[in-house]
Structure formats: structure tokens, C-alpha cells
There are 2 protein chains.
Amino acid sequence: MARTAAALVIGNEILTGKVVERNVGPLACLLGAIGVRLRRVVVCPDEVEEIAGELRQLSAAHDLVFTSGGVGPTHDDVTYAAVALAFGRRIVRSEPLANLLRAHFGPATHEGHLRLADVPEGAELLVTPEMPWPTVQVHNVYVMPGVPELFRAKLHALRDRLAQGRPFASAVLYTTRDEFDIADALADVARRHAEVAIGSYPSFRRSDWRVKVTVDGGDPDAVERARAALVEALGPESIVVPRD
Amino acid sequence: MARTAAALVIGNEILTGKVVERNVGPLACLLGAIGVRLRRVVVCPDEVEEIAGELRQLSAAHDLVFTSGGVGPTHDDVTYAAVALAFGRRIVRSEPLANLLRAHFGPATHEGHLRLADVPEGAELLVTPEMPWPTVQVHNVYVMPGVPELFRAKLHALRDRLAQGRPFASAVLYTTRDEFDIADALADVARRHAEVAIGSYPSFRRSDWRVKVTVDGGDPDAVERARAALVEALGPESIVVPRD
């Protein structure tokens, strides 16, 4: 049974429309590539109780949880406090992190810098060669920065540690028939191939095809069987290869 | 007290990373402009029980809920079934919607088309001059299509109906000081101006400023007072106007 994951995106700036969220896409792609099913994404404000409440639910309901955002030194960076609250821990200053900070900022190091070393007690520090800064993990929650370049880099540094399963298999078909016409045929194939997920995505702009049909599943043979059944059900003459 | 809102984005294609989510940004901007606070975004799979479970929670906890996606004619379009399940209603065929469909598709109208008229019993059909197709509302839930152009058009058609409050006020400052140095000053101003939200967003790439500081609130005078307090606390000489 494939592992499941949830993402908790923390940030007022996304909820006010000031910033477009950019980490969920890369996370979804990486998780799919290592056979983990992303089942929920939640975006919540920079508020300790809100974050903690979501974390308790998501951590209990999924195998892996990734948070994004709220890990800087200012008053609105409250993710570690929320993780601590969610799991009933204190916040403590990590000596390894404090030493890294002192090495980085040198003689100019002050209390504002050292606040970045304040993490939930008992947190694991995941060290990888590519990243100068460890990723903090508490229970099944991986705490990631919100800045997209840093999020992406840390995610890829964690990939080998996270990867235990086979990637998901996918197939895609493009048909000239329209969604209304094919609905019954799709539903019939979906019922007969319940181990895969079949999705239907119409285009209103393309002249070469009308509906994109996708197949996803953990077993490549099952995906191929469903794909072949779809070709037959939709009619091979209606299946096209897109121009681009 | 400003009204609150939540968005429920429905779609396997977002959770598998195939499609980048594009409706939350425009929704967040419009809600801010009409003084409604978006407090949660949830992305969930195309599964009736999952959607229904989220809807019950979000509908109870927020004044307004907007769903995106899952309202086409194929087997993976299950949003109306989930709304019905969430609120304990049957699915019925709406005669007004069926008539619109018959008028649109003409003599070629068939059962696949008419499935688009199957909605939760008692749903309100919100008709606006700009949109040929009504928006379905059940309780405080507005059911919107996932296709971004349609979502945007329907949202704007609903704007006047939704707009009851004043827009939120915002201010922004750019400082040459870094996040670590200003953390205490920001926290102090935030405590003294608790009726606004102050956010801090560092840039690692700009040479003209290091941190963008934002102020948001319902009262423009309170936002201006907080902005002035920030200038004084950060030091006027550290405040710059960005080159672009």
C-alpha cells in the first residue's frame, strides 16, 4: 500500500493573494516519482494555534507531512512554535544549529541570528552533504523553508532518504470525442479497472483534440491494461497525437 | 468583524503535479478587495467522501466557501454528489438548467449533456447577466468550475453579490536592514499595533533592499499608524523605494 503525504503551506501572503504558491507543484512531482500519494494540501495563516491544529490532524492521517514557510527569525515566523504545540514539546536552543549559525555569521552573530536555532525539543536534524543547513523533522513532519529555491533544494536533498517505493505509472490519451459523449465509456472502463485512477480533462481551445484522458496507478501493467481498454472503448480512430 | 472564507480545490491533477493550481490567487485578491478574509485553502482528491468531509468542516468554520473543480459530465466529476452528501440532500435534475442545456446543444442533446443539470436538491441558481450559466450555491458554498478562465469569469460575475464590506488596507515598506537585525523592532511594533498584521519577507537577490515589510488590516488609519511606527522603529534612513 503506497504511503500517503500531506502538505501544510503556512503563509498570510498566499491567503491575501500577494504571493503565488510555488512549492506544492514540485513537491507533488517528487512524491509521485517516489511512489508516495499526496492526498491533501492545506494553506493556513501564520498563527500558532491554526498551524498546530492542522498539524495534529494531518500528522495523524498521513504517513508524511511537509510544512512550507514560517521558519525565519521574525515575529510572524511561528512554525516551530506550532510544531512544538502540536506535539506537546518545549522549544529549546539546538547547540549544533547554534554552532552552525556562529560559524556562518562570525563575530557579528547576535541573538536575532541564534533564534534560528530554537526548535522543538527532540527534533531530528537531517544532515545531507548538499545542504549547509539541516532539515528539522518532528515525528512524521518535515519542516521546510517557504522560499521556493530553498524548498526545492532541501526537498531534493531529502529524496533518497524518503524514497522507498516504486514511482507511480501514468498514461495519457487524447481523443477527438467530447466529454459528454465519452462519459459512459469512461465510467465503464473505470469500473472494470478499479485499481487505477482515470481522469478526464477537456480543452476548449484545441482544434486537434477535445479531451485528455489520464491513467494513474502503482502498477505499470494495470495502467497499460486500462489504457488499452480506453483506446478500445473510445474507438481507436478518435485517438490522436497532439501537435505539441 | 470581517467575514471569513475558505477555498476547497478539488482535483487529482493538482495532487499528482500534472496541473499547477491557478484559481486561489485570483480568489484571494478578489476577497481581499471586498473585505473578506481568506483563512484556509484545502486541496483534496476527486473522491466524494473526502470532499464531503472537508466541506462539512469548512462550511461550519467559515462564512463563505468556494469550491473549484469537479463539475463536468464525467465519472471523476463528483463535486455535486459530495455537496449533496455533506448537507444530507438528494441529487435532483434542475429543470431550469436542463432547459439551458437543451437550448445550447439543440437537437443533439443527450443524457450525457443533461447530467450537468443534476445538482443538490434545494440548490440556489445564481443568475448574472454576464454569464450564460448560473453558479450553484448550497448553504454558504459556491460551486465553481475548475477551468481557470471560467472560474475567474464566474467569480467576477458574483462580486457585487458577495461584496458587503470595505476592502482591506495595505501598506508596504522596503528596508536595507536584514531580518535578524529588525526582528525585535518588528515584534515590538506588532505588539503595539495588534489590530493589523505585519509580515516580513526577505530577499536574497536584491541589492537595493533586504526585507519587504507589509501591513494589512481592515482600518486604513490603523494601517497608516502602524506604517509610520515601522518607519520610526526601523530608522527612516533604512527605508528605500525599490528600483522596480
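You'll find the structure just up there.
Worth saying up front: this structure is predicted, and the values here are computed from it rather than measured.

Side note on the relation of the copies chain B and chain A
Thinking step 1. By a simple turn and slide, chain B fits onto chain A: the slide is 0.0 Å along the axis, the RMSD is 0.0 Å, and the turn is 180 degrees. As the rotation angle and translation indicate, the two copies are arranged about a two-fold axis. Measuring from the rotation axis to each C-alpha of chain B, the shortest distance belongs to B:V42, at 2.2 Å.
Thinking step 2. With an isologous cut-off of 70% or more, the 100% of interface residues of chain B that recur at the interface of chain A puts this contact in the isologous class.

Let's talk about the side chain of B:R40
Thinking step 1. By the element assignment, B:R40 lies in strand β2 (residues 37–44).
Thinking step 2. Among the residues examined, B:R40 registers a relative accessible area of 8% and is labelled buried.
Thinking step 3. There is a polar contact of 2.6 Å between the side chain of B:R40 and the side chain of A:E54.

Focus on the nonpolar core
Thinking step 1. Counting residues in hydrophobic clusters, the biggest one holds 57 residues, and the most contacted among them are A:L8, A:I51, A:L55, B:L8, B:I51, B:L55 and B:V136.
Thinking step 2. By size, the runner-up hydrophobic cluster in this structure holds 48 residues, among which are A:L15, A:F151, A:L155 and B:L162.

Overview of the environment of A:V138
Thinking step 1. Assignment of secondary structure puts A:V138 in strand β7 (residues 135–138).
Thinking step 2. Taking the C-alpha atoms as reference, A:V138 lies 9.9 Å from A:V65; in sequence the two are 73 residues apart.

Describing the environment of B:S170
Thinking step 1. Looking at the secondary structure, you find B:S170 in strand β9 (residues 169–175).
Thinking step 2. Counting along the chain gives 146 residues from B:S170 to B:V24, while the straight-line C-alpha distance between them is 19 Å.
Thinking step 3. Leaving out residues up to four positions away in the same chain, B:S170 has contacts with A:K18, B:V215, B:D216 and B:V223.

The rules we used
- All residue numbers refer to position in the chain's written sequence, counted from 1.
- Working convention: letters from A go to chains and numbers from 1 go to ligands, in the order in which they are written.
- Whole-chain, interface and lining totals are the exception, using all residues; otherwise, since this is a predicted model, local features are given only for residues with pLDDT of at least 70 and side-chain atom pairs are given and counted only at 80 or more.
- Processing note: side-chain calculations cover all non-hydrogen atoms of the structure and skip hydrogens and water entirely.
- Each copy is superposed on the other by least squares, with the fit set by C-alpha atoms of residues at a pLDDT of at least 70 in both.
- Two residues qualify as a contact provided that any one of their heavy atoms is within 4.5 Å of a heavy atom in the partner residue.
- Counting from the N terminus, the helices are DSSP H or I runs at least four residues long and the strands are E runs at least two residues long.
- Throughout, exposure labels follow a simple rule: accessible area from a 1.4 Å probe, protein chains only, divided by the maximum for the residue type, with under 20% read as buried, over 50% as exposed, and the rest as partly exposed.
- By the criterion applied in these results, polar contacts are pairs of N or O atoms within 3.5 Å in which, for protein atoms, one can donate a hydrogen and the other can accept it, and in which residues neighboring in sequence qualify only through two side-chain atoms.
- As used in this record, nonpolar core signifies buried Ala, Val, Leu, Ile, Met, Phe, Trp, Tyr and Cys residues forming a set joined through side-chain atoms within 4.5 Å.

Read these as geometric descriptors, not functional statements.
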